[in-house]
Amino acid sequence: MIVNLHIERLVLEGLPVRAKDTTVLAAAVDAALRRLLAEPGTAAALNAGASTAVRAGEPITLTTASDPAAIGDLIGRAIFGGIGA
């Protein structure tokens, strides 16, 4: 089964990420979603069809030591939780 996920806009407010680190954050979100969506049985468990908006699943907690890659991974997991997997 092929899963296509298109995120037109991702609104992230109040993150401790500098503008120069947004590419790292975006790549980490992408990698987390690819990894999670590729797990066996995940695609079949997803509801079919498009959604105009998805709210994150569980809230994420950031520490002062969180780096952009770690924050991106947390965001990817939260998005994954919000799409019903």
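Once that is clear, we can look at the overall build of the protein chain. Within the protein chain, the secondary structure is distributed over three helices and zero strands. When the helices and strands of the protein chain are read in sequence order from the N terminus, they spell out α-α-α. Put simply, the protein chain has 85 residues, and 24% of those count as buried. The contacts of the protein chain with a sequence gap of at least 6 include a subset with a gap of at least 24, amounting to 81%. Summed over all atoms, the accessible surface of the protein chain reaches about 6,300 Å², with 54% contributed by carbon and sulfur.

Attention now goes to the pattern of salt bridges. Scanning the model with the defined rule gives four salt bridges in all. Linked by salt bridges that have partners in common, R35, D73 and R77 make up one network.

This part is about a nonpolar patch on the surface. The grouping of L5, I7, L10 and L12 at the surface amounts to a nonpolar patch, some 310 Å² of accessible area in total. By the element assignment, L5 lies in the segment before helix 1 (22–37).

Right, let's get into the nonpolar core. L25, V29, L33, L36, L37, I71, I75, I79 and F80 form the largest nonpolar core, which has nine residues in total. If you list the elements that add at least two residues to this core, you get helix 1 and helix 3 (68–82). Top contributing element to this core by residue count: helix 1, with five residues.

Okay, the packing of helix 1 against helix 3 next. Two elements in contact, helix 1 and helix 3, have axes separated by 7 Å at closest approach and are oriented at 40°. Overall, the two elements helix 1 and helix 3 adopt an arrangement that is oblique. The chirality of how helix 1 crosses helix 3 is right-handed. Facing V24, L25, A28, V29, A32, L33, R35, L36 and L37 of helix 1, the residues of helix 3 in contact are P68, A69, I71, G72, D73, I75, G76, R77, I79 and F80. Considered class by class, the residues forming the contact of helix 1 with helix 3 number 14 nonpolar, two polar and three charged.

Below, the discussion takes up helix 3. Spanning 15 residues, helix 3 covers 21 Å between terminal C-alpha atoms, matching the ideal 21 Å at 1.5 Å per step. Among the residues of helix 3, P68, I71, G72, I75, G76, A78, I79 and F80 are the ones counted as buried. Capping the start of helix 3, D67 holds a side-chain oxygen 2.9 Å from the backbone nitrogen of A69, two or three residues further along.

Bringing the confidence of the model for the protein chain into the picture now. Taken residue by residue, the protein chain gives an average pLDDT of 79. The fraction at 70 or more is 74%. The element-level mean pLDDT for the protein chain is lowest in helix 2 (residues 42–45), coming to 66, with helix 1 highest at 92.

What counts as what
- Residues numbered from 1 in each chain as written.
- Predicted model: local features only at pLDDT ≥ 70, side-chain atom pairs only at ≥ 80, totals over all residues.
- Heavy atoms only, no water.
- Helix = DSSP H or I, 4+ residues; strand = E, 2+ residues; numbered from the N terminus.
- Buried < 20%, exposed > 50% of the residue type's maximum accessible area, 1.4 Å probe, protein only.
- Contact = heavy atoms within 4.5 Å.
- Areas by Shrake-Rupley, 256 points an atom, 1.4 Å probe, with all protein chains shown as cover.
- Salt bridge = Lys/Arg side-chain N within 4 Å of Asp/Glu carboxyl O.
- Patch = residues over 30% accessible without salt bridge, like charges linked within 9 Å, V, L, I, M, F, W, Y side chains within 5 Å.
- Core = buried A, V, L, I, M, F, W, Y, C linked by side-chain atoms within 4.5 Å.
- Axes fitted to C-alpha atoms, helices over the stretch in contact; angles between N-to-C directions.
- Parallel < 35°, antiparallel > 145°, perpendicular 65-115°, else oblique.
- Left-handed = near helix turned anticlockwise from the far one by under 90°.
- Nonpolar A, V, L, I, M, F, W, Y, C, P; charged D, E, K, R; others polar.
- Expected span 1.5 Å × (residues − 1).
- Polar contact = N/O pair within 3.5 Å; in protein donor to acceptor, adjacent residues only side chain to side chain.
- pLDDT = per-residue confidence, 0-100.

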